[in-house]
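So the chains spell out like this:
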Amino acid sequence: MTLADTYREQVVQSRQDRARKAIFMSRIVGLMLMLLIAFVMRVEPNLRSAFAEAGMELMTNMTGRDAPTQTASAAPAQSTLPRDRVKVNRGTAANAQSASASREDAQAQAEALGARLKAVKVGE
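Summarised in this report is the structure supplied together with it. (Residues numbered from 1 in each chain as written. Predicted model: local features only at pLDDT ≥ 70, side-chain atom pairs only at ≥ 80, totals over all residues. Heavy atoms only, no water.)

Quick notes on the overall build of the protein chain
Here's step 1: Across its full length, the protein chain carries three helices and zero strands.
Here's step 2: Ordering the α and β elements of the protein chain from the N terminus gives α-α-α.
Here's step 3: Per-residue burial over the protein chain gives 0% buried out of 124 residues.
Here's step 4: Only carbon and sulfur atoms are counted for the fraction: they give 60% of the accessible area of the protein chain, which is about 12,100 Å². (Helix = DSSP H or I, 4+ residues; strand = E, 2+ residues; numbered from the N terminus. Buried < 20%, exposed > 50% of the residue type's maximum accessible area, 1.4 Å probe, protein only. Areas by Shrake-Rupley, 256 points an atom, 1.4 Å probe, with all protein chains shown as cover.)

Section: a nonpolar patch on the surface
Here's step 1: On the surface, Val29, Leu33, Leu36, Phe39, Val40, Val43, Leu47 and Phe51 cluster together into a nonpolar patch covering about 720 Å² of accessible area.
Here's step 2: For Leu33, the location among the structural elements is in helix α1 (residues 3-43).
Here's step 3: Judged by relative accessible area, which is 47%, Leu33 ranks as partly exposed. (Patch = residues over 30% accessible without salt bridge, like charges linked within 9 Å, V, L, I, M, F, W, Y side chains within 5 Å. Salt bridge = Lys/Arg side-chain N within 4 Å of Asp/Glu carboxyl O.)

A few points about the packing of α1 against helix α2 (residues 45-63)
Here's step 1: Where α1 meets α2, the closest approach of the two axes is 5 Å, and the angle between their N-to-C directions is 105°. Here α1 is positioned roughly perpendicular relative to α2, judged by the angle of their axes. Across the interface between the two elements, Val40, Met41, Arg42 and Val43 of α1 pack against Pro45, Leu47, Arg48 and Phe51 of α2.
Here's step 2: Among the residues making up the contact of α1 with α2, the classes are represented as six nonpolar, no polar and two charged. (Axes fitted to C-alpha atoms, helices over the stretch in contact; angles between N-to-C directions. Parallel < 35°, antiparallel > 145°, perpendicular 65-115°, else oblique. Contact = heavy atoms within 4.5 Å. Nonpolar A, V, L, I, M, F, W, Y, C, P; charged D, E, K, R; others polar.)

What about the pattern of salt bridges?
Close approach of charged atoms lets side chains of opposite charge pair.
Here's step 1: This structure, assessed with the given rule, holds two salt bridges.
Here's step 2: A salt bridge links Asp5 to Arg8, with the shortest nitrogen-to-oxygen separation between them at 3.0 Å. Of the two residues, Asp5 and Arg8 both sit in helix α1, three residues apart, roughly one turn of that helix.
Here's step 3: Between Arg20 and Asp17 there is a salt bridge, with the nearest N and O atoms lying 3.2 Å from each other. With Arg20 and Asp17 both in helix α1, this residue pair falls three residues apart, about one helical turn.

This is the structure:
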């Protein structure tokens, strides 16, 4: 092997090492930028909403549609009630009587089952 061949191999090896280092560092920098953007978006709600509005406007422009206009009558009403409350389906009086009867039947069945379970000897 001549000196020229050795030099050429060393140059190729050096370039490959630098390329690997550059790729590694680019991944580190990309990850850091992604974390920074995520942090800023989490902390700044105004910036987040501005990006969302810009994105929606861009999508409407790309599809060629007009943005929907929101009027006062179409605006969602702000409720003073909590969002995650339990809603009970209240039926008619006949439904209430049948529900009451079914509750009494279920209670009687539960008591009968409890009595049978007490009578069973476990572990003997």
